[in-house]
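Listed below, chain by chain, are the residues.
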Amino acid sequence: MATWEFPETNPIDLDVSLPTGSITIAAEPAEVISVSLLPGQPGQPGHRDDEAVADVRVEYHAGRLEIAESMPLGLLRRDHGFDLAVRLPADSRCTVRTRSSAITCQGQLGALDVKTATGSVRAAEVAGPVQVSAISASVRVDHAAAEVNVRTASGNIELERVGGNVTAVTASGRIQIGTAAASVTARTSSGHIRIGSVRTGDAELTGVSGDITVGVAPGVGVLPRPRLRHRPGQQRACPVRAR
């Protein structure tokens, strides 16, 4: 395992680009940024840990930490797979690019931007915007104070509490939102849409197969909505406006 440390107490910008493995980010009060990197198959025959780590660039300068694996071209291209753990100051902003890593974010981030093909994305708390784009991934965010935009072709989307506008789109998967403080746009072709509470704004919910359930916070008025008719296999929309 390789490790790095950089003195820093203020929030930073983190950029991670690792094709496969696992990525764990802990954002908490700290005086030192720490990075640990472990090859995904240490000690396996033909697997040189030192060569694998040498393919990863870890650099910190002027409030920006970059962690990236070099990508050889052609037939010699290797996918080592790494277990990456980063501990950084709370409210740091994170950008992650990966092909199939499991991403776990602990503590409070300032912002989160993820692009992945497959895997999972888990975040405890994000003070700023959340952007997730995936092909096949499950996404869960416990608390997002600002806007959230999650789009995946396949996978469930779970948002416990959101303070800004929400856009959640999945072709095949369940969309579940606990509390939405602003407008919600949710679309799925196959799966349920369930919102525990909408406090204000519009809720545009669209599905083909699955139930649509919307709750409204106590004391919040709801404008009348049009009568809905649905036939099996036919797209249906459920517009709701809280005021």
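Rules and cut-offs
- Residues numbered from 1 in each chain as written.
- Predicted model: local features only at pLDDT ≥ 70, side-chain atom pairs only at ≥ 80, totals over all residues.
- Heavy atoms only, no water.
- Helix = DSSP H or I, 4+ residues; strand = E, 2+ residues; numbered from the N terminus.
- Buried < 20%, exposed > 50% of the residue type's maximum accessible area, 1.4 Å probe, protein only.
- Contact = heavy atoms within 4.5 Å.
- Phe/Tyr/Trp six-rings, centres within 6.5 Å; stacked < 30°, edge-to-face > 60°.
- Salt bridge = Lys/Arg side-chain N within 4 Å of Asp/Glu carboxyl O.
- Core = buried A, V, L, I, M, F, W, Y, C linked by side-chain atoms within 4.5 Å.
- pLDDT = per-residue confidence, 0-100.

Draft legend 1. Local environment of the overall build of the protein. Helix and strand content of the protein: 1 helix and 20 strands. Across the 243 residues in the protein, those meeting the buried criterion constitute 43%. Relative to all contacts within the protein whose residues are 6 or more apart in sequence, the contacts with residues 24 or more apart total 36%.

Draft legend 2. Here's a closer look at the packing of aromatic side chains. In total, this model carries 1 aromatic pair according to the counting rule given. With a centroid separation of 5.5 Å and an interplanar angle of 40°, the aromatic rings of F6 and Y60 are classed as tilted. Note that F6 is positioned in strand β1 (residues 2-7) and Y60 in strand β5 (residues 56-61), a separation of 54 residues in sequence. Considered together, F6 and Y60 belong to a single accessibility category, that of buried residues.

Draft legend 3. How the structure looks around the pattern of salt bridges. Under the defined criterion, the tally for this structure stands at 11 salt bridges. D13 is the partner of R93 in a salt bridge, and the nearest nitrogen-oxygen pair spans 2.6 Å. With R93 in strand β8 (residues 93-97) and D13 in strand β2 (residues 13-17), this residue pair connects regions lying 80 residues apart in the sequence. In this structure, E66 and R64 form a salt bridge, with 3.6 Å as the shortest nitrogen-oxygen distance. One network of salt bridges, with partners in common, ties together D15, R57, E59, R64 and E66.

Draft legend 4. Structural context of the nonpolar core. Grouped together as the largest cluster of nonpolar side chains are 55 residues, with contacts concentrated most on L14, I25, L65, I67 and L84. Apart from residues no more than four positions distant in its own chain, L65 is found in contact with F6, I12, D13, L14, D15, I33, V35, V58, E59, Y60 and V86.

Draft legend 5. Fine view of unusual backbone geometry. The phi dihedral of A62 falls on the positive side, at around 50°, and the residue is not glycine. Within the secondary structure, A62 sits in the loop between β5 and β6 (64-69). With relative accessibility at 70%, the residue A62 sits in the exposed group. Not every positive phi belongs to a glycine, and D91 is a case in point at roughly 75°. You can see D91 is positioned in the loop between β7 (82-88) and β8.

Draft legend 6. Broad picture of the environment of G119. Within the secondary structure layout, G119 lies in strand β10 (residues 111-126). Taking the C-alpha atoms as reference points, G119 and G21, separated by 98 residues in sequence, lie 9.5 Å from one another. Discounting chain neighbours no more than four positions away, the residues touching G119 are S101, S136, A137 and S138.

Draft legend 7. Expanded view of the confidence of the model for the protein. With 80% of its residues at a pLDDT of at least 70, the protein reaches an overall mean of 86. Per-element averaging of pLDDT across the protein places strand β20 (residues 236-242) at the bottom with 55 and β8 at the top with 98. Low pLDDT, under 50, characterises residues 226-232; the predicted model gives this stretch 7 contacts beyond four residues in sequence or across chains.

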